[in-house]
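Residue strings, one per chain:
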Amino acid sequence: MLSVTIEQPDGTAFAGNVDFGAVLPGQVSADVPFRVRNDGDSDLPAPRAWVQQVSTADGEMQAEVAGILLTAEPQALPPLAVGAWHTGVLRWVTPSGTPGLPVDTGDLRVEPI
């Protein structure tokens, strides 16, 4: 079975929601660490990940996995052996000139391939 999970850095379940707090225009939130682990029973030669957002006009969730800055297009991650993981971080960026605090959301998507 091909399977991946998004976890806290210590291997516990990821909450599923991240509150980045008040990120004012022109600022970036603190990084929120996580890891993507192969919890299936087969090696993953080319897992993919991307960030899905309705709009980035008032802010943008950014994600890096294995040093790769993710975009809206699925991007290949390095291979993952069974039980292995890639570390990553999430952050929120609010562009300068926006009218106020971000109200948008972003989703991190990971696909085992």
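First things first, this report covers the structure right here in the doc. Per chain, residue numbering runs from 1 following the sequence as it is written. In keeping with the model being predicted, local features are shown solely for residues with a pLDDT of at least 70 and side-chain atom pairs are shown and tallied solely at 80 or more, while totals for entire chains, interfaces and linings include all residues. Neither water nor hydrogens contribute to the side-chain values; these are computed over all heavy atoms in the structure.

So, about the overall build of the protein. In terms of helices and strands, the protein carries zero helices and nine strands. Helix and strand assignments follow DSSP, with helices taken as H or I runs no shorter than four residues and strands as E runs no shorter than two, numbered in order from the N terminus. Helices and strands in the protein line up, N terminus first, as β-β-β-β-β-β-β-β-β. Relative to a compact globule of 113 residues, whose C-alpha radius of gyration would be 13 Å, the protein shows 15 Å and is just as compact. Buried, partly exposed and exposed residues are distinguished by accessible area as a fraction of the type maximum, computed with a 1.4 Å probe on protein chains only: under 20%, between the cut-offs, and over 50%, respectively. Burial analysis of the protein (113 residues in total) assigns 34% to the buried set. The contacts of the protein with a sequence gap of at least 6 include a subset with a gap of at least 24, amounting to 78%. Put simply, the protein shows about 6,100 Å² of open surface, and 54% of that area lies on carbon and sulfur atoms. Charge assignment in this entry is limited to Lys and Arg as positive and Asp and Glu as negative, and neither His nor the chain termini are counted. Here the site of a charge means atom NZ of a Lys, CZ of an Arg, CG of an Asp or CD of a Glu. The distance from the centre of the 5 positive side-chain charges to the centre of the 14 negative ones in the protein is 4 Å. Values of the radius of gyration come from C-alpha atoms, whereas the globule rule sets the reference at 2.2 Å times the count of residues to the power 0.38. Note on contacts: a residue pair qualifies if any of its non-hydrogen atoms lie within 4.5 Å across the two residues. Each accessible area is a Shrake-Rupley estimate made with a 1.4 Å probe; only the visible protein chains count as cover when residues are assessed.

Now for the sheet that holds strand β9 (residues 106-111). In this scheme, strands are said to pair when DSSP sees at least two bridges between them. Pairing is antiparallel across the open sheet formed by three strands, whose spatial order is β7-β4-β9. Edge positions in the open sheet fall to β7 (75-76) and β9, since each of these has one partner strand only. Bridge count for strand β4 (residues 48-53) against β7 is two bridges, and the pairing is antiparallel. Within β7, the position partnered with alanine 49 by the bridge is glutamine 75.

Moving on to the environment of proline 99. Considering the arrangement of structural elements, one finds proline 99 in the loop between β8 (85-94) and β9. For proline 99 and proline 25, which are 74 residues apart along the polypeptide, the C-alpha to C-alpha distance reads 7.7 Å.

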